[in-house]
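# Examination of the molecular architecture
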Amino acid sequence: MTTSSTSSFSARPSPTVPPASQSFEPLVKAVLKHRLSRNVFAFSAAFSLAFHILFWSSDDSSFSARLLSPSAWVVALLAWVVGVLPIIVSRKLNLTTHNTVAPSPRQTLAGALTKSGTCRILTVYAASALLLLSLHLYSAPALRESLNLSVFVKSKKHPYYLNGCLIFLVAAQTWFALCYSLRNVMLERFVFRWSRNVPSNPPNLFVNLPLLLITIALFTLVTLTIYNVVFGLMRVIVLPILLRIPLMRSLLRPFAAHFIRGPWTLVLPLRHLRLESRTFLLGLITLANWEFAETLFNLYIPQPIDVSHTTAEPNVTLVSGVTSNDLVFLHFAYSELRNLATDSSPSSSTRRIALFSDQKYNPSLWSTLARAALLRLGHDYQTLLRRGKPAPPSPPPPVAAPTSTVPNPPSTPILRQPIYKPLQQSPLARILNSLASDSDLSKATEEVAKEVETVAKEVHIPELFRSVTVSPTSAAPASTAVVRVVQNPPAAPSTLITSVQQSCYGLLVKYAPLQSREVCTQLNEWLARERIHKRAEMSLPNRELDALIIESLSALVCASLTEDRYGVVQRDIPRILEAFLSFLQAAEDYQNEVRVLFVAPTPEELDDTSSAVFRQKERVRVEVAKASEVISVVVDALKSGISDIVRTFGDKLTAFKFPPKTAKKLQSFID
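Each value, and the rule that gives it
Residues numbered from 1 in each chain as written. Predicted model: local features only at pLDDT ≥ 70, side-chain atom pairs only at ≥ 80, totals over all residues. Heavy atoms only, no water. 1 Å grid on protein atoms, 1.4 Å probe; cavity = no way out; pocket = protein on both sides within 12 Å on 5 of 7 lines; lining within 4 Å. Points joined across faces, edges and corners; volume = space filled by probe spheres on them. Helix = DSSP H or I, 4+ residues; strand = E, 2+ residues; numbered from the N terminus. Phe/Tyr/Trp six-rings, centres within 6.5 Å; stacked < 30°, edge-to-face > 60°. Buried < 20%, exposed > 50% of the residue type's maximum accessible area, 1.4 Å probe, protein only. Lys NZ or Arg CZ within 6 Å of the ring centre and 35° of its normal.

A few words now on empty space enclosed by the protein. The probe, sized like a water molecule, is rolled over the atoms to show the empty space still left. Overall, the coordinates contain one cavity of 30 Å³ or more when judged by the stated rule. Approximately 40 Å³ is the volume found for the largest cavity. Contributing to the lining of the largest cavity are N315, L318, V319, V322, L337, L340, L355 and L369. Those elements giving two or more residues to the lining of the largest cavity turn out to be helix 14 (314-321) and helix 15 (327-342). Here the lining of the largest cavity gets three residues from one element, more than from any other, and that element is helix 14.

Right under this line is the structure:
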């Protein structure tokens, strides 16, 4: 007697790789937080304290007296809190990973000004600069007295006249903040910058400190010079115009009427050299502290991070990191993956074997890694094919075809009219019906009436003798007028701005001196001219990340020849090589397109190096060289990765099948 029994065990599904937000990203954030507090905050505070003790002299006290004064240290610490700390926090909060590269400086500025974060950044810089000025004036009462920096002038007749020296200082600090923030926008400092060749131990920043100070001193001097010119033009041109406006005159005259009187504005700096020197020193202190903090951020934050070895399952943590949607964490993940793939130590070899042999997760660790890497490369490959242009919108969903209806079978139609022959009318009845219908006689009468109405309008017959009834033809012009009004809407604001710009440009051409017109023309050309290397950066925005992915995948494929026990990686070798070769072909095609843009100068042009044609060609040569460097980041990584795979596998690659185009490209590496 047999009995059937059923098993009580149920199949448990295999776990999936956890998302990066739960395993990899918290570890990286902890390391970045530690770097921010230990390196950026600490070193910037030390620099700020030293710089203020050395140069922030509120009186004629010596350096040793300031060094031993507790109040000087407190003021220096407050200066870092109100002047430097907000800048670092703003840089951290507004840091983005999406690099919106523009081909010209004008488009870069226009794109930055359209973002809401740019206004917040400008506000933070201006507020920090003004707080530093307030702290400087509050901690130096003797300086306020010597420079006469009270809010109002000392006048009994006009007690509410504002002090011009104080306005000059406040406006100068705001100008410094505006120019420095625009400099950061042009340098794209709020975009995460990462290089795969960053050393693990950053160089000593204090060795390059003299160069940093010289650069900031020159920037401060140029900015202050431009500010003096702008301030003079505001006093000579803008303020008198504002005082002629009735509403503005009633608001400004009690406070600023005395500014339009006095000596010539452009010679005022020569009469206030002490104020100019104090403005320059305050601007230098402010900008030097900001630049040092920004340099610390650029130096320490992008350093590689290895965090997977601190977890119980390092391979799972690392593979989870490469699936992140944030490009910053992708950089750190692939950097650690490249170190794991290229390291020849026994511990790294053991980790690679475990990575290739994983059967615990579904999909496996290698499948998840390869899919994420190839998807990232495919996305950037499509961006390169579009030359950096945005992806076209997805097509609308197809409209469902109407269902065909089955025709009804033929049937006998129903006649809804009399079937008997109508009675014939008498001749008199037919004449009356003809007169009552729309006969030719009535139509002719209507046409004559319309013609008479038209003639009456043309000869201006008084309304009394016209018909009271409004004909349809008389209403037509009104409807036409309405249509014309609708078809000609009021001008858009952009059109008005363009017309104002053209008017200003016409006035400049008409009244400005010849040298000023040439300078403005060159400046406008510099702002509007598109850079070739910027176009290349738009086409390859994530080139450093792509190079990291290529180096990681190629190193893992090479290591799989001896460490992949189950042949998991070998199944993906054709797909990986096809992706590499397609990307390489597209990059080389684009590189050839860029190189063709440069035409070598002729011997006659080389003899005349001051000609405009030679300068134009030299500028194109420099831009083409920069663009080639941008493209070479990906091209060199692809060539190196494919060559390593070909050298490692050799004749074993004949076991794989490739498309004809891929096989032809691969054959060039084998040969």
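Take the packing of aromatic side chains next. This model, assessed by the stated rule, comprises 15 aromatic pairs. Note on F168 and F231: the rings are 5.2 Å apart at their centroids and 85 degrees apart in plane angle, and the pair reads as edge-to-face. Of this pair, F168 sits in helix 9 (residues 164-187) while F231 sits in helix 10 (residues 209-244), and the two are 63 residues apart along the sequence. With a relative accessible area of 25%, F231 lands in the partly exposed category. Relative to F658, the ring of F656 lies with its centre 6.5 Å away and its plane at 65 degrees, an arrangement referred to as edge-to-face. Looking at F658, the relative accessible area reads 18%, which means it is buried. One aromatic cluster in this structure is built from F168, W175, Y227 and F231. The ring of F219 is capped by R183, whose NZ or CZ atom sits 5.4 Å from the centre of that ring.

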